[in-house]
Amino acid sequence: MSALLPFETAVDQHGTTVLRVCRAVLGVHTDAEDAWSETFAAALAEWENLASSENVRGWLVTVAHRKAIDVLRVRTKQGTTLEHAPEPHSRLGLPQTDHLDLYRAIAALPPGQRSAVTLHYLAGLPYADVARESGISPAAARRAGSDGVRTLRAALTVNVSSPTTPTVVTQPGTGTHQADGVSA
Amino acid sequence: MTNTVSSPRVPDTAPTEAPFTADAPFTADAPFTFGHAPLPEEADVLARLSVALREHARDTGARDVAYSVVDSPLGRLLLAATEVGLVRVAFEREGFDGVLEHLAERVGARIFRDADPVSHALHELNEYFAGERRSFDLTLDRRLTTPFRGEVQRYLPSIEYGQTVSYRDVAEALGRPRAMRAVGTACATNPLPIVVPCHRVLRTDGQLGGYIGGLEAKRALLSAERRHSAGHRG
């Protein structure tokens, strides 16, 4: 029997990844934040079972991706596209422009590529899981991933004006446990 | 493990040509990287979302334990509370991750950081450390202890501030003179140290005996209590 994972530890460990997954699908937008909240509320409701799971990250990432896709479908039906969506609210500071560009570029990918890039590159899911989630073969998932990355690279290289690449951010974690130096 | 390339399954590692990646090391040709840690903007958003999530858990009764890590003269302490009351005081040397895992197993895994439920305990602890408080007036949740140990732990607050007794004294006071060893265990496994003053119990030969917060902490608590007692008399 594996140890039970305290809920807050899961939020500390995977909250960032879940936010990135939601933003990859929905852009830097409050919709992405709502999808994040719904994902963790769903996890909380099932925490009795999830706390001993070996793959909490996989669960969170796939649920977040599904919820975000659902929101996207509603948006598409309503004719709201990301371009027409309200500006990201900036109460607490603007996201780095580099990442806004990146999210825009991901959002512009065809759905299959977007899912593969989001789940594999951004969230670290193995292609076998990406394939299961997308209902395609692992080989097709892998192809979608590398096609998506190629498209992104082209899109982003055009946009990068400065010869020096954007900064590598190695900011220490914000969770108290990361600050404690106790967690891995 | 060698050369089983025939499998259609792809390696689980993220490829190095990724233009950005969350977990893999930054590669020289990558135009972007997120890094594993949140960016400042992400950290701000996550802080706000986490607060809302905690409130949701609290308001829907989906919270088993709330905890906070606080500074004290004895180093950092973890204070944890349930709906019933204060359930755990832990020293850093116990390992906070392990303490939380134990709480997850014994109380429930829906554990959240939230200073509110332990603010009263923190307030009294601060008064105690400042020498302004000699006994605690807190609602305790004693579910982390066994009945006999609980009996011992309920007895301990009757030992006066600044005084010490022996494990034998406690055993005799409880009408179980032969239960000295069990008294020792009860003190050593006290889930609510400081608040339940097991530090006031010493070995029968006057040696300190063990302490969950370490002997140095036990010594510091006892000398502070003696100092404050003397000060008040003078």
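Keep in mind it's a predicted model, so treat the numbers as computed, not measured.

Asker: Where do I start with the overall build of chain B in this structure?
Answerer: When helices and strands are counted, chain B shows 7 helices and 6 strands. Residues counted as buried form 52% of the 234 residues belonging to chain B. Considering only residue pairs separated by 6 or more positions, chain B has 58% of its internal contacts joining residues 24 or more positions apart. Total accessible area on chain B stands at roughly 11400 Å², and carbon and sulfur atoms take up 49% of it.

Asker: Please clarify how the pattern of salt bridges should be interpreted in this entry.
Answerer: In a structure, side chains of opposite charge can pair up when their charged atoms sit close to one another. All chains considered together, the criterion is met by 22 salt bridges over all chains. Measuring nitrogen to oxygen at the nearest pair gives 3.1 Å for the salt bridge that ties Asp129 of chain A to Arg132 of chain A. Remark: Arg132 of chain A and Asp129 of chain A occur in helix α7 (residues 127–134); sequence separation between them is 3 residues, near one turn of the helix. Classification of Arg132 of chain A as exposed rests on a relative accessible area of 63%. Arg110 of chain B is the salt-bridge partner of Asp64 of chain B, the closest N and O atoms lying 3.0 Å from each other. Residue Asp64 of chain B is located in the loop between α1 (40–59) and β1 (65–70), and its partner Arg110 of chain B is located in the loop between α2 (96–106) and β4 (111–113); the two are separated by 46 residues in the primary sequence. Looking at Asp64 of chain B, the relative accessible area reads 18%, which means it is buried. By sharing partners, the salt bridges in this structure join Glu8 and Asp12 of chain A together with Arg54 and Arg113 of chain B into a single network.

Asker: How should I be thinking about the packing of aromatic side chains in this particular structure?
Answerer: Aromatic ring pairs are described here by two measures, namely the spacing of the ring centres and the angle between the planes. Following the criterion strictly, the structure yields 8 aromatic pairs over all chains and no others. An angle of 85° between the planes, with centres 4.9 Å apart, marks the rings of Phe7 of chain A and Trp47 of chain A as edge-to-face. Placement of the pair is Phe7 of chain A in helix α1 (residues 7–26) and Trp47 of chain A in helix α3 (residues 47–50), with a sequence separation of 40 residues. No difference in accessibility class separates Phe7 of chain A from Trp47 of chain A, as the two residues are buried. Between Tyr128 of chain B and Phe129 of chain B the ring centres are 5.6 Å apart and the planes differ by 65°, which places this aromatic pair in the edge-to-face class. By relative accessible area, which is 4% here, Tyr128 of chain B ends up buried. Its relative accessible area of 19% is what places Phe129 of chain B among the buried residues. Taken together, the ring pairs connect Phe7, Trp36, Phe40 and Trp47 of chain A together with Phe112 of chain B into an aromatic cluster.

Thresholds, definitions, all that
Residues numbered from 1 in each chain as written. Chains lettered and ligands numbered in written order. Predicted model: local features only at pLDDT ≥ 70, side-chain atom pairs only at ≥ 80, totals over all residues. Heavy atoms only, no water. Helix = DSSP H or I, 4+ residues; strand = E, 2+ residues; numbered from the N terminus. Buried < 20%, exposed > 50% of the residue type's maximum accessible area, 1.4 Å probe, protein only. Contact = heavy atoms within 4.5 Å. Areas by Shrake-Rupley, 256 points an atom, 1.4 Å probe, with all protein chains shown as cover. Salt bridge = Lys/Arg side-chain N within 4 Å of Asp/Glu carboxyl O. Phe/Tyr/Trp six-rings, centres within 6.5 Å; stacked < 30°, edge-to-face > 60°.

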